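# Summary of the model geometry
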Amino acid sequence: RKEVEQDPGPFNVPEGATVAFNCTYSNSASQSFFWYRQDCRKEPKLLMSVYSSGNEDGRFTAQLNRASQYISLLIRDSKLSDSATYLCVVNKSGFQKLVFGTGTRLLVSP
Amino acid sequence: DAGVIQSPRHEVTEMGQEVTLRCKPISGHNSLFWYRQTMMRGLELLIYFNNNVPIDDSGMPEDRFSAKMPNASFSTLKIQPSEPRDSAVYFCASSLSGRNQETQYFGPGTRLLVL
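Anyway, here's the lowdown on the structure attached to this text.

The rules behind the values
Residues numbered from 1 in each chain as written. Chains lettered and ligands numbered in written order. Predicted model: local features only at pLDDT ≥ 70, side-chain atom pairs only at ≥ 80, totals over all residues. Heavy atoms only, no water. Helix = DSSP H or I, 4+ residues; strand = E, 2+ residues; numbered from the N terminus. Rg over C-alpha atoms; globule rule 2.2 N^0.38 Å. Buried < 20%, exposed > 50% of the residue type's maximum accessible area, 1.4 Å probe, protein only. Contact = heavy atoms within 4.5 Å. Lys, Arg positive; Asp, Glu negative; His and termini not counted. Charge placed at Lys NZ, Arg CZ, Asp CG, Glu CD. Phe/Tyr/Trp six-rings, centres within 6.5 Å; stacked < 30°, edge-to-face > 60°. Salt bridge = Lys/Arg side-chain N within 4 Å of Asp/Glu carboxyl O. Nonpolar A, V, L, I, M, F, W, Y, C, P; charged D, E, K, R; others polar. Core = buried A, V, L, I, M, F, W, Y, C linked by side-chain atoms within 4.5 Å.

## Regarding the overall build of chain B
For chain B, the helix and strand inventory stands at 0 helices and 11 strands. Helices and strands appear in chain B in the N-to-C order β-β-β-β-β-β-β-β-β-β-β. Computed over the C-alpha atoms, the radius of gyration of chain B is 13 Å, within 12% of the 13 Å expected from 2.2 N^0.38 for a compact globule of 115 residues. Sorting the 115 residues of chain B into buried and exposed places 49% on the buried side. For chain B, contacts bridging at least 24 residues in sequence account for 55% of all contacts bridging at least 6. Of the charged side chains in chain B, 11 are positive and 12 negative; the average position of the first set lies 5 Å away from that of the second.

Right, dumping it as structure tokens:
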């Protein structure tokens, strides 16, 4: 079983739609959680951290469920510029080693 | 401010040749990471350094791969001899240990093709 699992997609949605991505992780000792965004042929960039109480950054909302070892990302009012691959990231035993999921691809169409 | 700098951006080589990838981390960052990304396996951590010292190299595929960090502003990843299965995008990332120590900043990557 992979340490971090994501639905690869692609998710095809129209502009203005709300879309949600899910991610599960296997290591119950994981302490930190993130969503990174990767545009086609570009490097990954931090989108947002995920906190236990849930957190929001504009149109983006992240949730963490430690009991179920589940992380989610909700994007409201999708824009064409949101088209990218979203990587679920979990730290692994130790404060600096990150494990990346293989990503969920989002395509937002006009 | 300059981000993480990697060179070359693209490399095409023949099987058996030596390949050297270079990375300059963000000034002031004290942790450096080398990743490999392929369609099949996604983004995999190869090795990371803290204060120029290799901390975890368990992701290095085999002895053909080696990495060095002679000083705080430079690191290399070497593949010798290269094989077609090494074809991938290699990313370097850096971070600053501290409050947001897990925030890693990635370079643009080196696209390696081994024929």
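Once you've had a look at it, read on.
## Notes on the packing of aromatic side chains
One pass over the structure, following the stated rule, counts 11 aromatic pairs over all chains. Where Phe100 of chain A meets Phe106 of chain B, the ring centres are 5.9 Å apart and the plane angle is 90°; that geometry is what we call edge-to-face. With Phe100 of chain A in strand 10 (residues 98-100) and Phe106 of chain B in strand 10 (residues 105-106), this pair bridges two chains. Here the two residues Phe100 of chain A and Phe106 of chain B agree in accessibility, since each one is buried. Between Phe91 of chain B and Phe106 of chain B, the ring centres sit 6.0 Å apart and the planes meet at 80°, which makes this aromatic pair edge-to-face. Here Phe106 of chain B lies in strand 10 and Phe91 of chain B lies in strand 9 (residues 88-95), a separation of 15 residues in the sequence. For Phe91 of chain B, a relative accessible area of 2% puts it in the buried group. Note on Phe106 of chain B: relative accessible area 8%, which makes it buried.

## Describing the interface of chain B and chain A
Taken residue by residue, the interface counts 23 residues in chain B and 15 residues in chain A. On inspection of chain B and its partner chain A, the count reaches 1 salt bridge. As a salt-bridge pair, Lys97 of chain A and Asp56 of chain B come within 2.6 Å of each other at their nearest N and O atoms. Looking at the side of chain B that touches chain A, the elements with two or more residues in it are strand 4 (31-38), strand 5 (42-50) and strand 9 of chain B. Broken down by element, the side of chain B that touches chain A gets its largest block of residues, 5 residues, from strand 5 of chain B. For the side of chain B that touches chain A, a count of residues per class yields 8 nonpolar, 11 polar and 4 charged.

## Description of the nonpolar core
Grouped together as the largest cluster of nonpolar side chains are 24 residues, with contacts concentrated most on Phe21, Trp35, Ile71, Leu73, Ile75, Tyr86 and Leu106 of chain A. Contributions of two or more residues to this core are made by strand 3 (19-25), strand 4 (33-38), strand 5 (44-50), strand 7 (60-65), strand 8 (70-75), strand 9 (84-91) and strand 11 (104-109) of chain A. Setting aside residues up to four positions removed in sequence, Phe21 of chain A forms contacts with Phe11, Trp35, Ile71, Ser72, Leu73, Ile75, Tyr86, Thr104 and Leu106 of chain A. Membership of the second largest hydrophobic core comes to 21 residues, among which are Val4, Phe65, Tyr90 and Leu112 of chain B.

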